[in-house]
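# Fold and geometry: a report
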Amino acid sequence: MKPKSRFIPIAVLSSLLFPSALSAQEEKKEEAPKQVLFTDVQIFNGLDDKLSPGNVLVEGNLIKAIGKDVKAGEGATVIDGGGRTLMPGLIDMHSHLSIHEGMLDGRDDWDQMATGAISQERLRSYLDQGFTTARDAGGNVQGLAKAVRLGRIPGPRIYPSGGFISQTGGHGDVGRWNDQPGSTNYLSANGFSYMVDGVDEIMKAVRTNIRSGATQIKIMGGGGVASEFDPLHQVQFTLEEMQAAVKVAADSGTYCLVHAYSDESVNRAIDAGVKCIEHNFLVTEDTIKRMKKEGIALSCQSIISLVTFANPEQITFFSADQQTKAKKVNTGASQMFEWAVKHDIIMVTGGDMFGVADGPRQAVNMTKMVDVGLSPFKILKMGTSDAAKVIGWCGEMNPYKDAYPDKTPEEKAEQGIGLGVIQEGAYADMILLDGNPLKDIKVLEDYTNNFKVIIRNGEVWKNTLK
Ligand SMILES: [Zn+2]
């Protein structure tokens, strides 16, 4: 190592004086965009029910070219695909990256520092499972989203909803039984969940979320199975209150998603202008038809409804009443998914919370949909191009705007956000894997062995072919 000079060279000195101007120039000189070339791959592009042979060239964070004769420049990383499948990175649409072991996690045992640090485990698990994008469905993750976006920590792209918008006693009420109006609990004080009543309070909470980077808003619109204060049948927020949240979101060009099970709560949310329903387990076929007609998306949680609640007796901390509710949800969900498939509504996959300890939850949440009659192709679209379409409803709030640099704004609007697809100009978020998921969707479950290369934003997260 050379001894450090005590003199400061002129260039360095001026870069200290004029940091932005010079560093931009220097960046240009030093960094030709990095290239990664995948050769001999079978491409599932996220849109078509087939594999197409070819090479794929990544330059910087985007896909530069696709074709049989595509070659890389000097110094590129070349990955011989060996005839394996190359598919878009997956997108989970119902994540809780800052909630690790249930809704109250972080209220009593951890402070926000520890909660954030523990979230790292979840972020890495997502990348390992091939999930390169996550729409967070509630919790204080705006800071994590920013840190990932700026390259400070590894993780999937995060589209945060910010703190839950819940009424007092609603599904996002994380206070204690004897709390009184006006008392503040730790999770609310830290932007994890807002207990708000009336139009004014709701508008303020939604604006607070958007101010800190929420790309869409999550409303708690009805009762849940495990929550403390809200029975399953309960409809939450008046129409006027819910419309207030939708209006504030719309003023920023974005949309709302809602936690709702019952027919009445789902329909009230749609009446208010909500675009995406989470859970939806207890609706009628007429409501599914309405969702089809009005282009409302269904975010599917197959694990909780079809697996966990199939045998609620095994959930030891559930009361008899909670077990009855869980059974009801299990029966309802099987029927609801059948109708959703029959009427071909927009479906996306959202694995919800838990998971690092109990296995590859986000991946299995997709593959489990085979049981309700979904084809592997439809399942793959749920986790790629269809998910990206719904994410794109956040409009100008989307912080990831690099895709399709050669297109006009009008063409871009037509094209989508460049996630969930393998296309020239799209983001380089991809998985190279053994097996053909269009034939056997279960190959996604054993990601440890089957996923050979995972690349996010042009950067290699995993490569076992070296
Ligand atoms: Zn959730």
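Residues numbered from 1 in each chain as written. Predicted model: local features only at pLDDT ≥ 70, side-chain atom pairs only at ≥ 80, totals over all residues.

As a further point, take the nonpolar core. If you look at the biggest cluster of nonpolar residues, it comprises 124 residues, and the most contacted ones within it are V56, I165, I219, A245 and C256. Shared between two domains, this core takes at least three residues from each, and those domains are domain 1 (35-89 + 409-463) and domain 2 (90-397). Among all residues touching A245, those that are not within four sequence positions of it are I165, I202, V206, I217, I219 and C256. If you look at the next biggest cluster of nonpolar residues, it comprises 6 residues, including I99, M103, V174 and L187. (Core = buried A, V, L, I, M, F, W, Y, C linked by C-beta atoms within 7 Å. Buried ≥ 20, exposed ≤ 12 C-beta atoms within 10 Å, placed from the backbone. Domains from an automatic or database assignment. Contact = placed C-beta atoms within 7 Å.)

Our focus in this paragraph is the sheet that holds strand β8 (residues 157-160). The parallel open sheet is built from 3 strands, whose spatial order is β6-β7-β8. On the outer flanks of this sheet lie β6 (90-95) and β8, each paired with one strand and no other. Shown here is a sheet whose adjacent strand axes are inclined to one another by a mean of 15°, direction ignored. Bridge count between β6 and strand β7 (residues 131-136): 4 bridges; the pairing is parallel. Counted as the bridge partner of S95 is D136 from β7. (Pairing = 2+ DSSP bridges. Helix = DSSP H or I, 4+ residues; strand = E, 2+ residues; numbered from the N terminus. Axes fitted to C-alpha atoms, helices over the stretch in contact; angles between N-to-C directions.)

Here we take up helix α4 (residues 142-149). Listed as buried for α4 are Q142, L144, A145 and V148. Take α4 and look down its axis: the buried residues cluster within an arc of 160°, on one side only. A positive backbone phi angle near 80° is found at G151, which sits one or two residues after α4. (Arc of directions from axis to C-beta.)

In this structure, D344 takes a positive phi of about 55° despite not being glycine. With respect to the element layout, D344 can be found in the loop between α11 (320-342) and β15 (347-349).

What follows concerns the domain arrangement of the chain. For the chain, the assigned domains are domain 1 (35-89 + 409-463) and domain 2 (90-397). Here domain 1 and domain 2 have C-alpha centroids that lie 29 Å from each other. Counting from both sides, the interface comprises 25 residues of domain 1 and, opposite them, 25 residues of domain 2. If you tally residues by element for the side of domain 1 that touches domain 2, the top one is strand β17 (residues 451-456), at 3 residues. Residues of the side of domain 1 that touches domain 2, tallied by class, amount to 15 nonpolar, 4 polar and 6 charged. (Nonpolar A, V, L, I, M, F, W, Y, C, P; charged D, E, K, R; others polar.)

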